[in-house]
Amino acid sequence: MRRTAICFYLLICLCLTSFAALADGVITGKVVDATSGEELIGSTVMLKGTTRGTATTFDGTFQLKAPAGKHTLVISYIGYTEIEKRVTIKDGETINLGQIGLEDGAIGIGEVSVMASVAVARETPVAISTIKPEIIQEKLGSQEFPEILRSTPSVYVTRSGGGYGDSRINLRGFDSRNIAVLINGVPINGMENGKVFWSNWAGLSDVTRSMQVQRGLGAAKITVPSVGGTINILTNTTDAKKGGHVYVGTGNDGRRKEAITLSTGMNEDGWAASVNVAHNTGQGWVDATSYDSWSYFANISKRVNDYHTLSFTVFGAPQEHGQRYNRMLIEEYQTIARNDLKYNPDWGYKQGEKYNSSYNYYHKPQAILNHFWTLNPSTNISSALYASIGRGGGRRTAGPNRGAFNYTNEDYRIDGQINFNKIMDENIAAANGGKEAQAYMTNSINNHEWVGLLSNLTHEIDDRLKLTGGYDVRWYRGVHYTEVDDLLGAKFATDGSDKNFGSRNVVEGDTISFYNEGHIWWEGAFTQLEYSNDIISAFVSGSFSAKQYKRLDTFNYAPGDQETDWNNFFGYSVKGGANYNIDEYHNVFVNTGYFERQPEFNAVYIDYRNKFNEGVRNEKVFSVEVGYGFKNHFMQANINAYYTQWLDKTVTQSIRDNQSGDRLTATLLGVDALHKGVELDFRLFPTKQFTLYGQMSLGDWRWQNDIKDVQIYDQDNNPFGDPVNLYIGNTHVGDAAQFTWSLGADYEVLEGVKIGADYHYYGKNYAYFRVTDRNVDPGEGYDNPDAWQMPNYGLLDANIKWDFKFAGLKSTLYGKASNILNTEYVADASDGASHTWRDAEVYYGLGTTWSMGLKVRF
């Protein structure tokens, strides 16, 4: 009887449980960006006042069980304004809320996105990869900002010498000179040579809202050096919601970081403000590469009325850090460095204190005033007035005995480091004898002022046609000179490079070697016509630009002859593309374009003088690309192929003279190159908690011609030896891996706890040719020898994130480890005369690094 009663009781409980489960209703829907319609993967959907909730899947959809009754749904996503929806559900009922649009939580970000030409998947016909802010927070750790892009096809990023902010990025084999980098739609590539120095933007990771890579010609409307691709960075503007966060972090080699963000939210009068301040310090993984960096970001916005919004942003990152300039032979790492890959030959002890012979300091604040004007429901104008002032430089060596700083000069080394005390003793002895400094330190200064205006008008002709047009005006002045920094115990040095004064004695703070300025005016106009419906989207665009150069040189010319006339160059671009959505799963696209770009400043004025290059020509680029995309409930995948022909390219190279240790430079004109390849990327969603993603790229990048009569210059801009011929035709382009693949996974092991791992593999990586070692003609019928191919390597990273409540506040603990297997690998190399490892000068990559940090939001 007792046993029967127990069975009956269990049966009743089971029936009640089943009935309760049947009584639950189901709420479904899809969460998207209210502006672009893009799915917001991982959005949180909660029943208010309960712990019951879920997250959207890869296509933005969700299913949430709820008991019968009235409920309030709270829907949120990082960087977007949280919304609440009231629903009433009956027993066993399924309610579909349809598409739920979340507004971006930053004021004016939609307008900035239009100005920046942010691409949309299955609509914009270009190959794209978009990095969301939560990925940056989880995956970046202590890495440099560009390293977050390592999981993107055809991207190669290294730390170069390993100093703070010294990283570099190549895209489809092109360096930063030929990758357009935009911050909120404003170009930041250097006006004279197109370079981007990431140390100037070290604080960007703290304020980046999204980061998009458009490979190839890209979707940017303005005329920019987008040969390899475009990196579009959108920063925070002002959060519409009041709040903020604090962050504290630590890491390897004494790394420390503190940051705070505050936002007022928008008040009743339409005003809102946000500010972020961060401080980074550490010793650096490479010896004597300590760094001290501040970053700041501030924005104040005013919604004047329904038609006008003003937004003012200022940001910058003053920093100073020690560097490792000299690459070394692999054998020298084994002997001089005693197999210590952290070894840095560019420092020593000066009177008991660490002292760097290679050191960098810079501050490049940028201010942007945006005006967003809605003329009518179909027409708007977005404008940006911006200015930047850069101040700083890098430490260099000088003097008749500057070979004392060369790491191969054992007479001035103690345990492999520079013996600054011996150099000072010799300088003091020379000073007592009335002689000049024999070896001393200088600073190579590169200052600039830059002002620009960018305005973009968009008019929706109808629900399918959109016309965009605008203009782009820039003024730039770059100032370049060398100043005496530290005489190392001497009373004076001697310099005879100023032709107006002849040989003279100079002291600390005096200008020596050279002084020149580059002045540039840029005026451009652009237009684009777009067509789109649910099946087909297409665009055609064109741009025209005028660029004017002028050079001033006070050292090599007498007053009255120091300034050139303005020299004018014109460029243009034409490109177009189309995307066809075959169905809801498949799409194909094609794009093509041709442009002529004005030559770089150093190609216009040659020999580091006011000497105009009569034979200078525009650089010419033709590119075509085709792609295919697939998307269903389980996966997303894209594959594309590209072909880029580049003619009359300008290449500037900096190398070290093996004998003296001096820094040498050369500018190559009329270089032709062909870059072609295929790319694949994918994301799989086996379960709601598990994501698998990866990419593969295979390129074939080659130089197409030999170059004749190239003049090499020393660090004082004087000719170094006779001109040389460079035999590089049909050799592989170096400095970036032509074969890469990566595989990564993220898994939510518990609610609020997510772990991840990423493996990156690099192959077909050739050393960069040296202008001093390519002057041997192989002879008729023989091919030019290829540069040394570096060993293939792979790196494994891991990360963890834990979301929790701390004193009632939303908090997150982050952890990141890079190269956790401590793999030894060559990341950068300059080729030698034998084109083998024996005389290639290399940088080894960093070993294991780690970081962890706590963010508390309020």
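Residues numbered from 1 in each chain as written. Predicted model: local features only at pLDDT ≥ 70, side-chain atom pairs only at ≥ 80, totals over all residues. Heavy atoms only, no water.

Before going further, it helps to spend a moment on the overall build of the protein. Each helix and strand in the protein was counted, giving 6 helices and 55 strands. Against the compact-globule benchmark of 29 Å for 858 residues, the protein has a radius of gyration of 29 Å, which places it among compact chains. Each principal axis of the C-alpha distribution contributes one length, and for the protein these read about 115 × 65 × 65 Å. The proportion of buried residues among the 858 residues of the protein is 55%. Within the protein, counting contacts between residues at least 6 apart in sequence, those at least 24 apart form 68% of the total. A total accessible area of about 35,900 Å² is found for the protein, and carbon and sulfur atoms account for 55% of it. With 79 positive and 98 negative side-chain charges, the protein shows a spacing of 7 Å between the two charge centroids. (Helix = DSSP H or I, 4+ residues; strand = E, 2+ residues; numbered from the N terminus. Rg over C-alpha atoms; globule rule 2.2 N^0.38 Å. Buried < 20%, exposed > 50% of the residue type's maximum accessible area, 1.4 Å probe, protein only. Contact = heavy atoms within 4.5 Å. Areas by Shrake-Rupley, 256 points an atom, 1.4 Å probe, with all protein chains shown as cover. Lys, Arg positive; Asp, Glu negative; His and termini not counted. Charge placed at Lys NZ, Arg CZ, Asp CG, Glu CD.)

In a beta sheet, neighbouring strands pair by backbone hydrogen bonds and run either parallel or antiparallel. Strand order in this open sheet of 3 strands is E4-E1-E7, and the pairing throughout is mixed. Edge strands, defined here as strands with exactly one partner in the open sheet, are strand E4 (61-66) and strand E7 (94-102). Looking at each pair of strands side by side, their axes are set apart by 25° on average, direction ignored. Here strand E1 (residues 25-33) pairs with E4 via 6 bridges, running antiparallel. Opposite Gly29, over in E4, you have Phe62 as the bridge partner. (Pairing = 2+ DSSP bridges. Axes fitted to C-alpha atoms, helices over the stretch in contact; angles between N-to-C directions.)

Taken together, the side chains of Val246, Ile260, Leu262, Val275, Val277, Trp294, Leu809 and Phe858 make up a nonpolar region of the molecular surface, amounting to roughly 620 Å² of accessible area. At the level of secondary structure, the elements contributing two or more residues to the nonpolar patch comprise strand E18 (256-263) and strand E19 (271-282). By the secondary structure assignment, Val275 is in strand E19. (Patch = residues over 30% accessible without salt bridge, like charges linked within 9 Å, V, L, I, M, F, W, Y side chains within 5 Å. Salt bridge = Lys/Arg side-chain N within 4 Å of Asp/Glu carboxyl O.)

Turning to the sheet that holds strand E23 (residues 328-329), a few remarks are in order. Across the sheet, 3 strands lie side by side as E23-E54-E53; this open sheet has antiparallel pairing. Each end of this open sheet is capped by a strand with a single partner; those strands are E23 and strand E53 (826-830). Inspection of the sheet shows E23 paired to strand E54 (residues 841-844) by 2 bridges, in the antiparallel sense. Residue Leu329 lies in a different strand from E54, and its bridge partner there is Glu841.

Glancing now at the environment of Tyr386. Secondary-structure assignment places Tyr386 in strand E28 (residues 379-398). The sequence separation of Tyr386 and Val314 amounts to 72 residues, and the corresponding C-alpha distance is 9.5 Å. Tyr386 has contacts with Val186, Pro187, Ala367, Ile368, Trp450, Val451, Gly452, Leu453, Leu454, Asp472, Val473 and Arg474, leaving out every residue within four places of it along the chain.

Considering all chains together, one arrives at 8 cavities of 30 Å³ or more under this definition. By volume, the second largest cavity amounts to about 240 Å³. If you go around the second largest cavity, you meet 21 residues; those closest to its centre are Glu147, Arg150, Arg159, Leu795 and Tyr825. Here the lining of the second largest cavity gets 3 residues from one element, more than from any other, and that element is strand E51 (residues 793-806). (1 Å grid on protein atoms, 1.4 Å probe; cavity = no way out; pocket = protein on both sides within 12 Å on 5 of 7 lines; lining within 4 Å. Points joined across faces, edges and corners; volume = space filled by probe spheres on them.)

Looking now at unusual backbone geometry. Backbone geometry at Arg172 places phi at a positive 55°, although glycine is not the residue there. Topologically, Arg172 is positioned in the loop between strand E11 (168-171) and strand E12 (179-183). Residue Arg172 is classed as buried on the basis of its relative accessible area, which comes to 1%. A positive phi angle, close to 65°, is found at Asp607, a residue other than glycine. Relative to the elements of secondary structure, Asp607 occurs in the loop between strand E39 (605-606) and strand E40 (611-612). Looking at Asp607, the relative accessible area reads 26%, which means it is partly exposed.

To continue, consider the pairing of E18. Alternating positions in E18 separate cleanly, Lys257, Ala259, Thr261 and Ser263 being buried on one face and Arg256, Glu258, Ile260 and Leu262 remaining unburied on the opposite face. In this sheet, E18 lies alongside strand E17 (residues 243-251) in antiparallel orientation, the contact comprising 8 bridges. From the neighbouring strand, Val246 faces E18, where its bridge partner is Ile260. Direction of pairing for E18 relative to E19: antiparallel, over a ladder of 8 bridges.

Moving on, we come to the packing of aromatic side chains. The geometry of an aromatic ring pair is captured by two quantities: the separation of the ring centres and the angle between the planes. On inspection of all chains with the given rule, the structure shows 28 aromatic pairs. Where Trp201 meets Phe315, the ring centres are 6.0 Å apart and the plane angle is 55°; that geometry is what we call tilted. With a gap of 114 residues between them, Trp201 in the loop between strand E13 (186-187) and strand E14 (208-215) and Phe315 in strand E21 (residues 308-316) connect regions that are remote in the sequence. In this structure Phe315 comes out as buried when scored by relative accessible area, which is 4%. Ring centres of Phe601 and Tyr605 lie 5.2 Å apart, and the angle between their planes is 55°; this geometry places the pair in the tilted category. Assigned by exposure class, Phe601 and Tyr605 land together as buried. Ring pairs connect the aromatic residues Tyr549, Phe569, Phe601, Tyr605 and Phe612, which therefore count as one cluster. Above the ring of Tyr642, the side-chain terminus of Arg172 is found at 4.0 Å from the ring centroid. Sitting over the ring of Tyr247, Lys257 keeps its end group 5.5 Å from the ring centre. (Phe/Tyr/Trp six-rings, centres within 6.5 Å; stacked < 30°, edge-to-face > 60°. Lys NZ or Arg CZ within 6 Å of the ring centre and 35° of its normal.)

This part is about the side chain of Thr691. One can find Thr691 in strand E44 (residues 690-703). Judged by relative accessible area, Thr691 falls into the buried class, the value being 14%. Excluding residues that lie within four positions of it along the chain, Thr691 makes contacts with Arg683, Leu684, Phe685, Gly744, Ala745 and Asp746.

Right, let's get into the environment of Lys302. The residue Lys302 is located in strand E20 (residues 291-303) in this model. Since its relative accessible area comes to 18%, Lys302 is described here as buried. The sequence separation of Lys302 and Ile512 amounts to 210 residues, and the corresponding C-alpha distance is 48 Å. With residues up to four places along the chain from it excluded, the contact list for Lys302 reads Asp269, Gly270, Trp271, His308, Thr309 and Leu310.

Taking 1.5 Å as the rise per residue, helix H5 (residues 420-432) with 13 residues should run 18 Å; its terminal C-alpha atoms sit 18 Å apart, in good agreement. Looking at H5, one finds that the buried residues are Phe420, Ile423, Met424, Asn427, Ala430 and Ala431. Projected onto a plane normal to the axis of H5, the buried residues spread over an arc of 120° and lie on a single side. Exposed residues lying more than 90 degrees from the buried face of H5 are Asp425 and Asn432. Two residues or fewer after H5 comes Gly434, characterised by a positive phi angle close to 75°. (Expected span 1.5 Å × (residues − 1). Arc of directions from axis to C-beta.)

Here we come to the pattern of salt bridges. Evaluation of the coordinates by the stated rule reveals 37 salt bridges. Here Glu449 ties to Arg477 by a salt bridge, and the two come within 2.8 Å at their closest N and O atoms. One end of the pair, Glu449, is in strand E31 (residues 440-460); the other, Arg477, is in strand E32 (residues 465-486), with 28 residues separating them in the sequence. For Glu449, a relative accessible area of 16% gives the class buried. Between Lys801 and Asp803 there is a salt bridge, and its shortest N-O distance comes to 3.3 Å.

This brings us to the nonpolar core. Core analysis: the largest hydrophobic core is formed by 41 residues, its most contacted members being Leu149, Met211, Ile231 and Ile233. Every element with two or more residues in this core is listed here: strand E10 (155-158), E11, E12, E14, strand E15 (229-235), E28, strand E35 (511-532) and helix H6 (601-604). Beyond its immediate chain neighbours, meaning those up to four positions away, Ile231 contacts Leu149, Ile169, Ile179, Ala180, Val181, Leu182, Met211, Gln212 and Val213. (Core = buried A, V, L, I, M, F, W, Y, C linked by side-chain atoms within 4.5 Å.)

Now for the confidence of the model for the protein. This prediction gives the protein a mean pLDDT of 90; 95% of its residues lie at or above 70. No element of the protein has a lower mean pLDDT than helix H1 (residues 2-23), which averages 45, and none a higher one than strand E49 (residues 753-766), which averages 98. Confidence drops under pLDDT 50 across residues 4-22; counting only partners more than four residues distant or on other chains, this segment forms 1 contact. (pLDDT = per-residue confidence, 0-100.)

What follows is about the environment of Val207. Residue position: Val207 is located in the loop between E13 and E14. Taking relative accessible area as the criterion, Val207 reaches 5% and is therefore assigned buried. Apart from the residues within four sequence positions on either side, Val207 is in contact with Leu234, Thr235, Asn236, Asn276 and Phe297.

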